[in-house]
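Spelled out, the chains give:
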Amino acid sequence: MRGRGRDDPDDRAPARDRLVAVLRTLGLERRGTRGLVAWELGPWVLAAVVVGAVLGVAVPALVLATVDLTPFTGGDARPPLTVDPALLGVVVGGFVLVVAGAVAASTALSRRTNLAAQLRIGEER
């Protein structure tokens, strides 16, 4: 048994590597790997955006409704709940950039997979 380090190819997404190896053998072009990875991450990204948006509005609304913030604001009335579209756009844009980077990195790692090693059946890795 060989030593397994952090950079060992068998440690990164072995199921995806096997799937990509089989699909590439069946004719998937190298650029199709990016679409596969994006399709795999898409539901998680959508769920994160929805849950983040709901919590991003619900938590401040809950705090404003339950905690008296007038000593901190210096006013007599409770502060209103406001949503800054520019800040929201920056946060969503940053999230999209992080996801795009993750898809690109995952695709690059999947492309480096040794097809023959991934397609061997019945051999201990």
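Computed from a predicted structure; not experimentally measured.

(A) Expanded view of the overall build of the protein chain. Looking only at helices and strands, one finds five helices and zero strands in the protein chain. Along the protein chain, helices (α) and strands (β) appear in the sequence α-α-α-α-α when read from the amino end. The proportion of buried residues among the 125 residues of the protein chain is 15%. The long-range share in the protein chain, meaning contacts at least 24 apart out of those at least 6 apart in sequence, stands at 59%. A total of about 9,300 Å² of accessible surface is found on the protein chain, and carbon and sulfur atoms cover 68% of it.

(B) Examining the packing of helix H1 (residues 14-25) against helix H2 (residues 32-66) more closely. The contact between H1 and H2 brings their axes to 11 Å, and the two run at 140°. Considering their axes alone, H1 and H2 lie oblique with respect to each other. Every pair of crossing elements has a handedness; the one defined by H1 and H2 is right-handed. Along its contact with H1, which presents Arg16, Leu19, Val20 and Leu23, the element H2 presents Thr33, Leu36, Val37 and Glu40.

(C) How the structure looks around the environment of Arg16. Here Arg16 shows up in helix H1. Residue classification places Arg16 among the buried residues on the basis of a relative accessible area of 14%. In this structure, the C-alpha to C-alpha distance between Arg16 and Ser110, residues 94 residues apart in sequence, is 7.5 Å. Every residue in contact with Arg16, bar those within four places of it in the chain, is listed here: Val37, Glu40, Ser106 and Ser110.

(D) Structural detail: a nonpolar patch on the surface. A contiguous nonpolar patch, built from Val51, Leu55, Val59, Val63 and Val67 and spanning about 380 Å² of accessible area, is present on the exposed surface. Turning to its location among the elements, Val59 is positioned in helix H2.

(E) Representation of H1. Over its twelve residues, H1 runs 16 Å from end to end, which matches the ideal 16 Å to within 8%, given 1.5 Å per residue. Taken together, the buried positions of H1 are occupied by Arg16, Asp17, Val20, Ala21 and Arg24. Buried residues of H1, seen end-on, are gathered within an arc of 135° and therefore sit on one face of the element. Positive phi shows up at Gly27, right after H1, with a value of about 120°.

(F) Focus on the side chain of Thr70. Within the secondary structure layout, Thr70 lies in helix H3 (residues 70-73). Classification of Thr70 as buried rests on a relative accessible area of 16%. One polar contact links Thr70 to Asp68, side chain to side chain, over a distance of 2.8 Å.

About the cut-offs
Residues numbered from 1 in each chain as written. Predicted model: local features only at pLDDT ≥ 70, side-chain atom pairs only at ≥ 80, totals over all residues. Heavy atoms only, no water. Helix = DSSP H or I, 4+ residues; strand = E, 2+ residues; numbered from the N terminus. Buried < 20%, exposed > 50% of the residue type's maximum accessible area, 1.4 Å probe, protein only. Contact = heavy atoms within 4.5 Å. Areas by Shrake-Rupley, 256 points an atom, 1.4 Å probe, with all protein chains shown as cover. Axes fitted to C-alpha atoms, helices over the stretch in contact; angles between N-to-C directions. Parallel < 35°, antiparallel > 145°, perpendicular 65-115°, else oblique. Left-handed = near helix turned anticlockwise from the far one by under 90°. Patch = residues over 30% accessible without salt bridge, like charges linked within 9 Å, V, L, I, M, F, W, Y side chains within 5 Å. Salt bridge = Lys/Arg side-chain N within 4 Å of Asp/Glu carboxyl O. Expected span 1.5 Å × (residues − 1). Arc of directions from axis to C-beta. Polar contact = N/O pair within 3.5 Å; in protein donor to acceptor, adjacent residues only side chain to side chain.

Scope: geometric values only; no functional claims are made or implied.
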